[in-house]
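Each chain, written out:
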Amino acid sequence: MSLALLCDGPVADPVTFWLDSPRRLVVDVPGRKNGFAKTAYRIEHPLASTLRVGAHADKVRFVIETSDQVDAAFDVVPQGDSLVLT
């Protein structure tokens, strides 16, 4: 599964970490702003259910609720104005 997170400009130095109950992946992208119309999006995939987007003064935060079957090891690759998680 791959997920592209779109940002408002070039992506550099993302920070990722996992939280439990429910299991979710947090991705902080420093120096970017939230340009999304909504704060939550439903994901139609067996490995992920929801994407939330949060605005902070110094970053945009993406929170992806995942199933317990998602491996904690994954690739994070900046590609222009997006960040691709595989």
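Our structure's up above, just so we're on the same page.
These lines cover the structure that appears in this document, whether it is placed above or below.

Cut-offs and rules
- Residues numbered from 1 in each chain as written.
- Predicted model: local features only at pLDDT ≥ 70, side-chain atom pairs only at ≥ 80, totals over all residues.
- Heavy atoms only, no water.
- Core = buried A, V, L, I, M, F, W, Y, C linked by side-chain atoms within 4.5 Å.
- Buried < 20%, exposed > 50% of the residue type's maximum accessible area, 1.4 Å probe, protein only.
- Helix = DSSP H or I, 4+ residues; strand = E, 2+ residues; numbered from the N terminus.
- Contact = heavy atoms within 4.5 Å.
- Pairing = 2+ DSSP bridges.

### Section: the nonpolar core
So, point 1. Within the largest apolar cluster, 16 residues are counted, with the highest numbers of intra-cluster contacts made by Leu-5, Val-27, Val-29, Phe-62 and Ile-64.
So, point 2. If you list the elements that add at least two residues to this core, you get β1 (3-6), β3 (24-30), β5 (48-55), β6 (59-66) and β8 (82-85).
So, point 3. Ignoring anything within four residues of it in the chain, the contact list for Val-29 reads Cys-7, Val-11, Lys-59, Val-60, Phe-62 and Leu-83.

### Considering the pairing of strand β4 (residues 40-45)
So, point 1. Summarising the sheet, β4 and β5 pair through four bridges and their orientation is antiparallel. Considered in β5, the bridge of His-45 is made with Ala-48.
So, point 2. Here β4 folds back onto β5 in antiparallel fashion, the turn holding two residues.

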